[in-house]
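Residue strings, one per chain:
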Amino acid sequence: QLQASGGGLVQAGGSLRLSCTASGRTYSSFVSGWFRQAPGKEREYVAAIRWSGGNTYYADSAKGRFTISRDSAEKTVFLQMNNLRPEDTAVYYCAADNAIGLATIGIRSAYKFWGRGTLVTVSS
């Protein structure tokens, strides 16, 4: 199971850090990803990280502002979001799978495990 937290209301230009903690069995081959879904829009990829090696990957919308990281001992993945914009307003979901390749790292349907979302609201 995945449990996401850390959402909230923040003004434009502010920061938030989301957390996603895994319970139960995990695999070193896991890839954890963050996706988001704004009202009336499709769920979109934000960032991902490989548990083994810590390689990180970002959607263009996240590059330079968001940082994904993990604490392997705590089975937790973080998404540090800086310089937030109103268009970042969305429900953010964490996801994980142990069979993600480079070609599928940003594809929602490739992830087997999902957490409940956490709402991020950025006011202008």
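Residues numbered from 1 in each chain as written. Predicted model: local features only at pLDDT ≥ 70, side-chain atom pairs only at ≥ 80, totals over all residues. Heavy atoms only, no water.

Some thoughts on the overall build of the protein
Across its full length, the protein carries 0 helices and 11 strands. Walking the protein from its N terminus toward its C terminus, one meets helices and strands in the order β-β-β-β-β-β-β-β-β-β-β. Relative to its length of 124 residues, the protein is compact, with a C-alpha radius of gyration of 13 Å against a globular reference of 14 Å. In terms of principal-axis extent, the alpha carbons of the protein reach across some 40 × 30 × 25 Å. Taken across its 124 residues, the protein has 41% of its residues classed as buried. At a minimum sequence separation of 6, the contacts of the protein that also span at least 24 residues come to 56%. Accessible surface for the protein amounts to roughly 6,400 Å². Of this, 47% is attributable to carbon and sulfur atoms. Measuring between centres, the 14 positive side-chain charges of the protein sit 4 Å from its 8 negative side-chain charges. (Helix = DSSP H or I, 4+ residues; strand = E, 2+ residues; numbered from the N terminus. Rg over C-alpha atoms; globule rule 2.2 N^0.38 Å. Buried < 20%, exposed > 50% of the residue type's maximum accessible area, 1.4 Å probe, protein only. Contact = heavy atoms within 4.5 Å. Areas by Shrake-Rupley, 256 points an atom, 1.4 Å probe, with all protein chains shown as cover. Lys, Arg positive; Asp, Glu negative; His and termini not counted. Charge placed at Lys NZ, Arg CZ, Asp CG, Glu CD.)

Looking at the state of the cysteines
A full pass over the atoms with the stated rule returns 1 disulfide. Covalently, Cys20 is tied to Cys94 through a disulfide, its sulfur atoms 2.2 Å apart. Measuring the twist about the S-S bond at about 65 degrees, one finds the Cys20-Cys94 disulfide to be right-handed. Highlighted residues: Cys20 in strand β3 (residues 16-22) and Cys94 in strand β9 (residues 90-97), separated in sequence by 74 residues. Look at Cys20 and you get buried, because its relative accessible area is 5%. The exposure class of Cys94 is buried, given its relative accessible area of 1%. (Disulfide = S-S within 2.5 Å.)

Considerations on the environment of Glu42
Following the sequence through the fold, Glu42 ends up in the loop between β4 (31-37) and β5 (44-50). Spatially, the C-alpha atom of Glu42 lies 13 Å from that of Asp88, the residues being 46 residues apart in sequence. The contact partners of Glu42, leaving out residues within four places of it in the chain, are Arg36, Gln37 and Arg108.

Quick notes on the pattern of salt bridges
Enumeration according to the criterion identifies 6 salt bridges in this entry. Taking the shortest distance from any N to any O, the salt bridge between Asp88 and Arg36 comes out at 2.9 Å. Placement of Asp88 in the loop between β8 (76-81) and β9 and of Arg36 in strand β4 is noted, with a sequence separation of 52 residues between them. Residue classification places Asp88 among the buried residues on the basis of a relative accessible area of 0%. Two residues, Asp97 and Lys112, come together in a salt bridge whose shortest N-O distance is 3.1 Å. Here the residue Asp97 occupies a position in strand β9, and Lys112 occupies one in the loop between β9 and β10 (113-114), the gap between them amounting to 15 residues. Since its relative accessible area comes to 53%, Lys112 is described here as exposed. (Salt bridge = Lys/Arg side-chain N within 4 Å of Asp/Glu carboxyl O.)

What to know about the nonpolar core
Counting residues in each nonpolar core, the largest one holds 27 residues, and the members touching the most others are Trp34, Val46, Phe66, Leu79, Met81 and Tyr92. Those elements that provide at least two residues to this core are β1 (2-5), β3, β5, β7 (66-71), β8, β9 and β11 (118-123). Once residues lying within four places of it in the same chain are set aside, the contact partners of Met81 are Gly14, Ser15, Leu16, Leu18, Arg65, Phe66, Tyr92 and Val120. Judged by nonpolar contacts, the second largest core, of 10 residues, contains Tyr57, Ala95, Ile105 and Tyr111. (Core = buried A, V, L, I, M, F, W, Y, C linked by side-chain atoms within 4.5 Å.)

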